[in-house]
Amino acid sequence: MFDSILVPTDGSEHATRAAEHGAALARAFGASLHVIAVIDTRTAGGPFSGDDLEDETLDRMTADAEETVAAITDAVDAAGAIQTTIRKGDPVDEICAYRDDHDVDLIAMGTHGRTGVGRYLAGSVTESVVRQADVPVLTVRATDRSRDTAPYDDILVPTDGSTPAAAAVEPACEIAAQFDARVHALNVVNLSNIATGSEYTLPKDLIETLESQGEKVTERIAARARESGVETVTRVVSGFPAADILEYADENGIDLIAMGTAGRTGLNRFLVGSTTERIIRHADMPVLAVNARDQRGDEA
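All of the points below concern the structure found in this document. (Residues numbered from 1 in each chain as written. Predicted model: local features only at pLDDT ≥ 70, side-chain atom pairs only at ≥ 80, totals over all residues. Heavy atoms only, no water.)

1. Brief notes about helix 9 (residues 241–251)
Condition: Relative accessibility under 20% of the residue-type maximum defines a buried residue, over 50% an exposed one, and the middle range a partly exposed one, all with a 1.4 Å probe and only protein chains included. Here a helix means four or more residues in a row that DSSP labels H or I, a strand means two or more in a row labelled E, and each is numbered from the N terminus. Here, residues are in contact when the closest pair of their heavy atoms is within 4.5 Å.
Among the residues of helix 9, Pro241, Ala242, Asp244, Ile245, Leu246, Tyr248 and Ala249 are the ones counted as buried. The elements touched by buried residues of helix 9 are strand 6 (154–158), strand 7 (182–190), strand 8 (232–239), strand 9 (256–261) and helix 10 (274–282). Glycine 253 sits one or two residues past helix 9 and shows a positive phi near 60 degrees.

2. Points about the nonpolar core
Definition in use: Among buried residues, those of type Ala, Val, Leu, Ile, Met, Phe, Trp, Tyr and Cys that are joined through side-chain atoms within 4.5 Å constitute a nonpolar core.
Leu25, Leu33, Leu138, Tyr152, Ile155, Ile175 and Leu288 are the most contacted members of the largest nonpolar core, which totals 46 residues. For leucine 33, the residues in contact, after removing those within four places along its chain, are Ile5, Val7, Gly22, Ala23, Ala26, Val76, Ala78, Ala81, Ile82 and Gln83. By size, the runner-up hydrophobic cluster in this structure holds 34 residues, among which are Val92, Met109, Leu156 and Val237.

3. Observations regarding the environment of threonine 232
Summarising the element assignment, threonine 232 is placed in strand 8. In this structure, the C-alpha to C-alpha distance between threonine 232 and alanine 222, residues 10 residues apart in sequence, is 5.6 Å. Contacts of threonine 232, omitting those with residues within four sequence positions, involve Arg182, Val183, Ala222, Ala225 and Arg226.

4. As for the environment of isoleucine 95
Checked against the element boundaries, isoleucine 95 lands in helix 3 (residues 91–102). When the C-alpha positions of isoleucine 95 and alanine 37 are compared, they lie 8.7 Å apart, and in sequence the two are 58 residues distant.

5. Re the sheet that holds strand 3 (residues 82–89)
Just so we agree on the cut-off: Two strands pair under a simple rule: DSSP has to find at least two bridges between them. All axes here are fitted lines through C-alpha atoms, helices being fitted over the stretch that makes contact, and every angle between N-to-C directions spans 0 to 180 degrees.
Pairing within the open sheet is mixed, and its 10 strands lie in the order 3-2-1-4-5-10-9-6-7-8. Pairing within the sheet leaves two strands with one partner each, and these edge strands are strand 3 and strand 8. Neighbour-to-neighbour, the strand axes of this sheet turn through a mean angle of 25 degrees, independent of strand direction. Bridge count between strand 5 (residues 137–140) and strand 10 (residues 287–291): 3 bridges; the pairing is antiparallel. Looking across to strand 10, one finds that valine 137 is bridged to alanine 289. This element, helix 2 (residues 55–75), spans strand 2 (32–40) and strand 3 of the sheet and lies at about 155 degrees to strand 3. Contacts from helix 9 reach strand 6, strand 7, strand 8 and strand 9 within the one sheet, and its direction differs from that of strand 7 by about 150 degrees.

6. With respect to unusual backbone geometry
One non-glycine residue, aspartate 103, adopts positive backbone phi at about 50 degrees. Locating aspartate 103 in the fold gives a position in the loop between helix 3 and strand 4 (106–110). In this structure, aspartate 180 is a non-glycine residue whose phi angle is positive, near 55 degrees. Relative to the helices and strands, aspartate 180 resides in the loop between helix 6 (169–179) and strand 7.

7. Overview of the packing of helix 1 (residues 13–29) against helix 6
Note the threshold: In this scheme, roughly parallel covers angles under 35 degrees and roughly antiparallel covers those over 145, while 65 to 115 is roughly perpendicular and the rest are oblique. Nonpolar residues are Ala, Val, Leu, Ile, Met, Phe, Trp, Tyr, Cys and Pro. Charged residues are Asp, Glu, Lys and Arg, and all others, Gly as well, are polar.
The N-to-C vectors of helix 1 and helix 6 enclose an angle of 75 degrees; their axes lie 10 Å apart at closest approach. Looking at the two axes, helix 1 sits roughly perpendicular to helix 6. On helix 6, the residues that touch Ala24, Leu25, Ala28 and Phe29 of helix 1 are Glu174, Ile175, Gln178 and Phe179. Within the contact of helix 1 with helix 6, the residues separate by chemical class into 6 nonpolar, 1 polar and 1 charged.

8. A closer look at the side chain of asparagine 291
Note the following rule: Residues adjacent in sequence count toward polar contacts only when both atoms are side-chain atoms; beyond that, a polar contact is any pair of N or O atoms within 3.5 Å, and within protein one must be able to donate a hydrogen and the other to accept it.
Within the secondary structure, asparagine 291 sits in strand 10. Side-chain polar atoms of asparagine 291 contact the backbone oxygen of arginine 131, separated by 2.8 Å. There is a polar contact of 2.9 Å between the side chain of asparagine 291 and the backbone oxygen of alanine 133.

9. Details of the packing of aromatic side chains
Using the following cut-off: Within 6.5 Å between ring centres, the rings of Phe, Tyr and Trp (the latter by its six-membered ring) count as paired, and their orientation is classed by plane angle as stacked under 30 degrees, edge-to-face over 60, tilted in between.
Under the counting rule described, the total for this entry stands at 2 aromatic pairs. For the ring pair phenylalanine 2 and phenylalanine 29, a centre distance of 5.0 Å and an interplane angle of 75 degrees mean the geometry is edge-to-face. On the criterion of sequence distance, the pair formed by phenylalanine 2 in the segment before strand 1 (4–8) and phenylalanine 29 in helix 1 is long-range, its members being 27 residues apart. Assigned by exposure class, phenylalanine 2 and phenylalanine 29 land together as buried.

Shown next, in the form of structure tokens:
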């Protein structure tokens, strides 16, 4: 499934951790590894002011970028040669353009897990790439849980039964097969969508109907995983998606969360955008976000 993997880096610890996971996947799939650093030369709305960067400043930034790329290539254990490049421009545009130019199958990026960020790859750029890239994006925070890069023993696939959520199933099963991992299919009956107030009690038959639907959608994921010879676990819970997904991941030793996203900002389904972004910001383990904008189908 993954023949080439791209690792954008800004020299942060989070980007280095993402590169380590990207290299682990490259070894598992026999994929080529690409490392890119982008010198952000934007003036309007960017981190710099003035008409153009002075030559001295640009030279310094280029030298920093070269050191950053060299540090990544020294830090990771790739299966083969690592292709490196330095580009200038808008980081999101250049990362996505490189992906298109080199037919990259997966992007592995670091994120600080919060909105206010100092380094360009920490937060806003990563989330923009997740929305725009038409390939899976592995996001990684530098935490104790993400320190171990291989093997992935337990992979969590949350689902609400929508087409966008289903986009993560295939890559999750492929990764699970490579690492002989267990797939956990989780459905959260989203109480925030159906409760109207703190004193409102949901009818028991409604909860049972939603849980029955959840069992059907998780079983579909389990059936696909079993086709790959992968062990599966299914679970349906009632609560609030982001919190319950993170709680399940912590309590069950999950090594990787794979989720679908529709790749846009205006979002309705709980797994299509806001919840995925919350998971990316707060999960201690890597998150594989799979853009489903071309697979959305009927989201009604």
